Amino acid sequence: IKSTTVPNVDGSVNTEEEDEEDVVDLAANSLLNKLIRQSLVESSHRVEVLQKDPSSPLYSVKTFEELRLKEELLKGIYAMGFNRPSKIQEMALPMMLAHPPQNLIAQSQSGTGKTAAFVLAMLSRVNVLELFPQCLCLAPTYELALQTGRVVEQMGKFCVDVQVMYAIRGNRIPRGTDITKQIIIGTPGTVLDWCFKRKLIDLTKIHVFVLDEADVMIDTQGFSDQSIRIQRALPTECQMLLFSATFEDSVWQFAERIIPDPNVIKLRKEELTLNNIRQYYVLCENRKDKYQALCNIYGGITIGQAIIFCQTRRNAKWLTVEMMQDGHQVSLLSGELTVEQRASIIQRFRDGKEKVLITTNVCARGIDVKQVTIVVNFDLPVNQAQEPDYETYLHRIGRTGRFGKKGLAFNMIEVDKLPLLMKIQDHFNSSIKQLDPEDMDEIE
Ligand code: ADP
């Protein structure tokens, strides 16, 4: 058991909270991605399509006009600044809008246009003259449901008679209320409650069912089963759509249980690579020493923007204070911040308002800050067993081969951690050179 009061060598005191590593919260990361997203994410891969009926013709569209949408919906799309369908939308939209409706499982990384696609499908299938829930979208959290709702509101800006309602905890609706809104977005638990216990929604009248963020969904206890119970009560002619950013076997198994006779669309992610990254390490005695090495690097080369990774919140906080005291403009991104606070820090960093971002693992995944040329591992990523965490290493410093610029990565290594670094080097079969922090000529 850890004591919370024994001071460290440098006089600071640990609290257990701060010693914790920030765990990656899938739903929070997904929300963060949505909050900071500025544009579509590209992929150089081709969209893979698996049709439920391979003999039926395969349509793809290059323009939104080809979809023959309602005028007001098309206006909404253009008002959002969309000029043409994204890569995944080119294939997905014709399937989603086909008559008779087709079921779809679609996987592509976040930012590729999935939400916009199913929102468009829901809006185009709503019958505005009928005042009851017709489209049902399940999301893993309250906040993610609100984000999707926001897209419905934006895209449906000119569809004046279409209305959205949120089936999320805290939204109390008196028993017996007659829900007249056509689109319901909610979390599985509350939706289940509204459907079966409180009988606010008649599932037999739903004609579009969307399950968004399936990978995040199955990560939450109970959500798979609740979603399946909801799905079982839908009419057979209801269109069923499932989206996921990743596709492990578990997601796939869930998708197949919940979506009957699906078409499947996949857009592979740009692979991360270390090929265009020059990697260095500096041998250090202790934390102070690491900090000194970092300062030398700072003094030695021209740095645009840098991200510095620490393993614990405590280390991250310590480093932030040190750097600030030395007059650097840094900001700290760690797990105790709310998602909105994190989003605003990342946004400021993106805008170049801060030059250095110090963080724990919270931001290692999924968030790309393209202009960053330097990544520092102030601590090596290790797992519970104190073995190297290869995946996190790759996520921290890897770039996508096609879109990424060349980068520099520095690892601050205590002597006893050197074997871990060598394992990383072997694992990726890429060289990590030792650097004398007094001599930066090596780099430039
Ligand atoms: P996903 O659901 O896959 O994460 P989104 O639908 O949220 O992706 O789209 C990612 C970002 O790209 C959003 O900012 C969205 O407004 C924008 N976007 C989506 N489709 C298009 C398009 N066809 N053209 C331009 N921008 C788009």
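Conventions adopted
- Residues numbered from 1 in each chain as written.
- Predicted model: local features only at pLDDT ≥ 70, side-chain atom pairs only at ≥ 80, totals over all residues.
- Pairing = 2+ DSSP bridges.
- Helix = DSSP H or I, 4+ residues; strand = E, 2+ residues; numbered from the N terminus.
- Axes fitted to C-alpha atoms, helices over the stretch in contact; angles between N-to-C directions.
- Core = buried A, V, L, I, M, F, W, Y, C linked by C-beta atoms within 7 Å.
- Buried ≥ 20, exposed ≤ 12 C-beta atoms within 10 Å, placed from the backbone.
- Contact = placed C-beta atoms within 7 Å.
- Near = placed C-beta within 6 Å.
- Nonpolar A, V, L, I, M, F, W, Y, C, P; charged D, E, K, R; others polar.
- UniProt positions renumbered as here; feature names shortened; annotations may be inferred.
- Right-handed = clockwise from strand over helix to strand, strands pointing away.
- Parallel < 35°, antiparallel > 145°, perpendicular 65-115°, else oblique.
- Left-handed = near helix turned anticlockwise from the far one by under 90°.

Draft legend 1. Main features of the sheet that holds strand β5 (residues 183-186). As summarised here, the arrangement of the eight strands in space is β1-β8-β2-β7-β6-β3-β5-β4, forming an open sheet in which the pairing is mixed. The sheet terminates laterally at β1 (47-50) and β4 (164-167), the two strands that pair on one side only. The mean angle between the axes of side-by-side strands here comes to 15°, regardless of whether they run parallel or antiparallel. In the sheet, strand β2 (residues 103-108) pairs with strand β8 (residues 262-267) via six bridges, with the strands oriented parallel. Note on β8: the bridge partner recorded for Ile105 is Val264.

Draft legend 2. Region of the structure containing the nonpolar core. The biggest cluster of nonpolar side chains holds 119 residues, and the ones touching the most others in it are Ala92, Met122, Leu123, Leu241 and Ile308. Top element by residues in this core is helix α5 (residues 114-125). It accounts for eight residues. Discounting chain neighbours no more than four positions away, the residues touching Leu241 are Met96, Asn103, Leu104, Phe118, Ala121, Phe209 and Val210.

Draft legend 3. Summary view of the site of the ligand. Of all residues adjacent to the ligand, which total 15 residues, the nearest are Phe82, Gly113, Lys114, Thr115 and Ala116. No other element matches the three residues that α5 contributes to the shell around the ligand. Looking at the shell around the ligand residue by residue, the class counts come to five nonpolar, eight polar and two charged.

Draft legend 4. Just the UniProt feature "short sequence motif: Q motif" (unreviewed entry) in the protein, in detail. Residues annotated by UniProt as "short sequence motif: Q motif" (unreviewed entry) correspond here to residues 62-90. Secondary structure content for residues 62-90 is 45% helix and 0% strand, and the end C-alpha separation is 6 Å.

Draft legend 5. Expanded view of the pairing of strand β6 (residues 208-211). The side-chain alternation of β6 yields two buried faces, one formed by Val208 and Val210 and the other by Phe209 and Leu211. Pairing of β6 with strand β7 (residues 239-244) involves four bridges; the strand directions are parallel. In the strand pairing of β7, Phe209 is matched with Met240.

Draft legend 6. Broad picture of the pairing of strand β13 (residues 356-359). The side-chain alternation of β13 yields two buried faces, one formed by Val356 and Ile358 and the other by Leu357 and Thr359. Bridging between strand β11 (residues 306-309) and β13 involves four bridges; their strand directions are parallel. Residue pairing for β13: Ala306 is matched across the bridge by Val356. Pairing between strand β12 (residues 330-333) and β13: four bridges, direction parallel. Within β13, the residue paired with Val330 across the bridge is Val356. In this fold, β12 hands off to helix α13 (residues 339-350), which returns the chain to β13; that crossover is right-handed.

Draft legend 7. The environment of Ile307, seen in detail. By the secondary structure assignment, Ile307 is in strand β11. On the basis of neighbour count, Ile307 is assigned to the buried category, with 22 C-beta atoms found within 10 Å. Separated by 65 residues in the primary sequence, Ile307 and Val372 have C-alpha atoms spaced 7.3 Å apart.

Draft legend 8. Looking closely at the sheet that holds strand β10 (residues 277-284). One open sheet accounts for seven strands, arranged β12-β13-β11-β14-β16-β10-β17; its pairing is parallel. Since the sheet does not close on itself, it has two edges, and those belong to β12 and β17 (432-434), each with one partner. Along the sheet, successive strands turn relative to each other by an average axial angle of 20°, direction set aside. As paired elements, β10 and β17 share three bridges and run parallel to each other. Note on β17: the bridge partner recorded for Tyr280 is Lys433. Taken strand by strand, helix α14 (residues 390-397) contacts β10, β11, β14 (374-377) and β16 (407-414), and its axis lies near 150° from that of β14. Relative to the sheet, helix α15 (residues 418-428) contacts β10, β16 and β17, its axis offset from that of β16 by approximately 145°.

Draft legend 9. Structural detail: the packing of helix α9 (residues 223-232) against helix α10 (residues 249-258). Interaxial distance between α9 and α10 falls to 10 Å at its minimum, and their mutual angle equals 20°. When the interaxial angle is binned, α9 and α10 end up roughly parallel. The hand of the α9/α10 crossing is right-handed. When α9 is examined against α10, the residues Ser224, Ser227, Ile228 and Gln231 are found in contact with a partner set consisting of Phe254, Arg257 and Ile258. Residues belonging to the contact of α9 with α10 are distributed by class as follows: three nonpolar, three polar and one charged.

Draft legend 10. Representation of the environment of Lys433 within the structure. Within the secondary structure, Lys433 sits in strand β17. For Lys433, a count of 11 C-beta atoms within 10 Å corresponds to the exposed category. Considering only alpha carbons, one finds Lys433 and Tyr281, 152 residues apart in sequence, at a separation of 6.1 Å.

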